[in-house]
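# Structural overview
Chain residues, written in single-letter form:
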Amino acid sequence: MEQFKKKELKDLLSSVCEPYKNLMSVEEFLSLAEEVAEETINGRHVLQHIKTKLPEVGMYAFSNGKFSFDAKAYPQLLGVVACVTSDEEAFVGQRGLILLPNEVLGPWQNSRAKSCIDDEHDGLKNTLELIEYSKSQKNALPAIDWCIQNSKDNYQIFVPAIEQLKKICKNTDKINMALKAIKGACLQRWIYSSTEHSPCRQYSILSSVACVGANSKCGKDVSTRFVIAF
């Protein structure tokens, strides 16, 4: 009787574990389903302990939550995996960043007003605050407007903070190789972060050498890049 229940659970939990299938070998996937079934029979809840094999920098990310080195593996390509945490038990949203192929080239802000939005680590927090800030300002924030227009119900596009940009630009070569293959905008110029430096300047990074600076908010040749956390 227990063997019958175990087989049923294994089949059921295989479907529960399906989102992780593309990140594992067949053997690892079946072993995980077997382990979860075994522990469920013994009365222990183990789903929260499932360890996923994280994607690699340079892989493509898709809207179905899957990753592949093949840009045509699934429909609705989102972008390129730009940085990944070393913690395989990290929660969703804290595992890494997907860099979108798009960029907005030109001024960060059409004025020199101080926004006081200056978190150096959390670009999502900065972006959400900047969205509210932009609603109260007559002067447009072009990159933030782009985020508002392109974010979907199931994910929020945001501008990375300066420390997040540092992590991304350590992987410029791998990212650019993947971007070139899909005709995306490569990392090759100064890039604005969502971290304010002063009323006149925004923390920025020269992506080719990961050099940090503070560019004028009105710079015409500075790019803004966008990410999604996964």
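Being a predicted model, the structure only gives us computed values, none of them experimental.

On to helix 5 (residues 162-169). An α-helical turn contains 3.6 residues, so any two residues separated by three or four positions project in the same direction. Turning to helix 5, its buried residues number three or more, namely Ile-162, Gln-164, Leu-165, Ile-168 and Cys-169. Taken down its axis, helix 5 places every buried residue within 155° of arc, on the same side.

This part takes up the layout of surface pockets. Roughly 360 Å³ of volume is contained in the second largest pocket. As for the second largest pocket, its lining consists of 19 residues, of which Gly-93, Gln-94, Gly-96, Leu-97 and Gln-164 are closest to the centre. Elements with a minimum of two residues in the lining of the second largest pocket: strand 3 (77-84), strand 4 (96-105), helix 5 and strand 8 (223-229). Counted by class, the lining of the second largest pocket contains eight nonpolar, seven polar and four charged residues.

This part covers unusual backbone geometry. Its identity is not glycine, yet Gln-76 carries a phi of approximately 60°, on the positive side. With respect to the helices and strands, Gln-76 occurs in the loop between strand 2 (67-68) and strand 3. Of note, Ala-210 is a non-glycine position whose phi angle comes to about 55°, a positive value. If you trace the backbone, Ala-210 turns up in the loop between strand 6 (201-206) and strand 7 (211-216). What makes Ala-210 partly exposed here is its relative accessible area of 33%.

With that out of the way, let us pick up helix 4 (residues 142-150). Of the positions making up helix 4, those classed as buried are Ala-143, Ile-144, Trp-146 and Cys-147. The buried side chains of helix 4 occupy one side of the element, clustering within an arc of 155° when seen end-on. Lining the buried residues of helix 4 we find strand 4, helix 3 (123-135) and strand 8.

It is worth spelling out the side chain of Ser-115 at this point. Along the chain, Ser-115 turns up in the loop between strand 4 and helix 3. Of the residues examined, Ser-115 reaches a relative accessible area of 13% and is grouped as buried. Contacts of Ser-115, omitting those with residues within four sequence positions, involve Leu-130, Tyr-133, Glu-196 and Lys-217.

When the charged atoms of two side chains with opposite charge come close together, those side chains can pair. Overall, the coordinates contain seven salt bridges when judged by the stated rule. Salt bridges sharing common partners tie together Lys-114, Glu-196 and Lys-217.

It is worth spelling out the pairing of strand 8 at this point. Strand 8 sits mainly inside the fold: six of its seven residues count as buried. Two strands pair when backbone bridges link them, and strand 5 (residues 190-196) and strand 8 are joined in this way by two bridges, in the parallel orientation. Residue Tyr-192 lies in a different strand from strand 8, and its bridge partner there is Thr-224.

Next up on the list: the environment of Phe-230. Among the secondary structure elements, Phe-230 is positioned in the segment after strand 8. With 75 residues separating them along the chain, Phe-230 and Tyr-155 place their C-alpha atoms 9.1 Å apart. When residues no more than four places from it in sequence are discounted, the contact partners of Phe-230 are Pro-55, Phe-67, Val-81, Cys-83, Val-84, Val-92, Gly-93, Gln-94, Arg-95, Gly-96, Leu-97 and Ile-98.

In space, the eight strands of this open sheet follow the order 2-1-3-4-8-5-6-7, with mixed pairing throughout. Looking at which strands have only one partner, the edges of the open sheet turn out to be strand 2 and strand 7. As paired elements, strand 4 and strand 8 share six bridges and run antiparallel to each other. The partner of Leu-99 across the bridge, within strand 8, is Val-227. In the packing of helix 6 (residues 172-181) onto the sheet, contacts are made with strand 1 (60-62), strand 3, strand 4 and strand 8, and the angle to strand 3 comes to roughly 170°.

Here we come to the nonpolar core. In terms of nonpolar packing, the biggest core is built from 26 residues, with Trp-108, Ile-157 and Phe-226 touching the most fellow members. Ranked by residues supplied to this core, first place goes to helix 4 with four residues. Listed in part, the 21 residues of the second largest apolar core include Val-57, Phe-62, Ile-162 and Ala-178.

Calculation rules
- Position numbers for residues count from 1 along each chain, tracking the sequence in the order it is written.
- A pLDDT threshold of at least 70 governs which residues receive local features in this predicted model, and a stricter bar of 80 or more applies before side-chain atom pairs are shown or counted, although totals over entire chains, interfaces and linings include all residues.
- Hydrogens and water molecules were not included; the side-chain quantities draw on all heavy atoms of the structure.
- Burial status follows relative accessibility: with a 1.4 Å probe on protein chains alone, a residue under 20% of its type maximum counts as buried, one over 50% as exposed, and anything between as partly exposed.
- Secondary structure elements are defined from DSSP: runs of H or I of at least 4 residues count as helices, runs of E of at least 2 residues count as strands, and each element is numbered from the N terminus.
- As used here, the arc belongs to the directions running from the helix axis to the C-beta atoms.
- A pocket here means an open set of points on a 1 Å grid, computed over the protein atoms alone, that has protein on both sides within 12 Å along at least five of seven lines. A cavity is instead a set of points where a 1.4 Å probe fits but cannot get out; residues with an atom within 4 Å of a point line either one.
- Grid points are joined across faces, edges and corners, and a volume is the space filled by probe spheres set on the points.
- Think of it as three bins: nonpolar holds Ala, Val, Leu, Ile, Met, Phe, Trp, Tyr, Cys and Pro, charged holds Asp, Glu, Lys and Arg, and polar takes everything else, Gly as well.
- Whether two residues are in contact is decided by their heavy atoms, any of which lying within 4.5 Å being enough.
- Between Lys or Arg on one side and Asp or Glu on the other, a salt bridge is scored when a side-chain nitrogen of the former is within 4 Å of a carboxyl oxygen of the latter.
- Whether two strands pair depends on DSSP finding at least two bridges between them.
- Axis definition: a line fitted to C-alpha atoms, limited for helices to the stretch in contact. Angles are taken between N-to-C directions and run from 0 to 180 degrees.
- Nine residue types can take part in a nonpolar core, namely buried Ala, Val, Leu, Ile, Met, Phe, Trp, Tyr and Cys, and a core is a set of them joined through side-chain atoms within 4.5 Å.

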